Amino acid sequence: MTGIAVTADGFTVDVEVIAAGFALDPEQVADLLRDGRITSRCETGIDDDAGRFRLTFYHAGRALRLIVDFRGTILQRARFPVAAHSRE
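Residues numbered from 1 in each chain as written. Predicted model: local features only at pLDDT ≥ 70, side-chain atom pairs only at ≥ 80, totals over all residues. Heavy atoms only, no water.

### Comments concerning the environment of Phe57
Next up, step 1: Positionally, Phe57 belongs in strand 4 (residues 52-59).
Next up, step 2: Among the residues examined, Phe57 registers a relative accessible area of 7% and is labelled buried.
Next up, step 3: Along the chain, Phe57 and Ser40 lie 17 residues apart, while their C-alpha atoms are 4.3 Å from each other.
Next up, step 4: With near-sequence residues (within four places) excluded, Phe57 lies in contact with Val13, Ile18, Phe22, Ile38, Thr39, Ser40, Arg62, Ala63, Leu64 and Leu66. (Helix = DSSP H or I, 4+ residues; strand = E, 2+ residues; numbered from the N terminus. Buried < 20%, exposed > 50% of the residue type's maximum accessible area, 1.4 Å probe, protein only. Contact = heavy atoms within 4.5 Å.)

### Remarks on the environment of Leu33
Next up, step 1: Residue placement: Leu33 occurs in helix 2 (residues 26-34).
Next up, step 2: On the accessibility criterion, Leu33 (34% relative accessible area) is partly exposed.
Next up, step 3: Apart from the residues within four sequence positions on either side, Leu33 is in contact with Ile18 and Ile38.

### Points about unusual backbone geometry
Next up, step 1: Phi at Ala23 takes a positive value of approximately 55 degrees, unusual for a residue other than glycine.
Next up, step 2: With respect to the helices and strands, Ala23 occurs in the loop between helix 1 (15-22) and helix 2.
Next up, step 3: We classify Ala23 as exposed; its relative accessible area is 70%.
Next up, step 4: At Asp47, a residue that is not glycine, the phi angle is positive and equals roughly 50 degrees.
Next up, step 5: Residue position: Asp47 is located in the loop between strand 3 (39-44) and strand 4.
Next up, step 6: Of the residues examined, Asp47 reaches a relative accessible area of 67% and is grouped as exposed.

In structure tokens form, the structure reads like this:
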């Protein structure tokens, strides 16, 4: 299990994956998502990146980026600081 499932509507990411990326308690993640304090973006790869997707989560001036394939397998994982997001 990769922690990411592919659905007809896109991707579903387990709270444990997001929590680990931001060093949060998994029980906090749902509330932070609901409150807009964790936001996300999904981008579809083209050309050399066709068949890959970039899932980026933002929280408290940090980003968690997951590169996944069409099955939801995590190929790359990165964490880095970003400028404060407007919804944080």
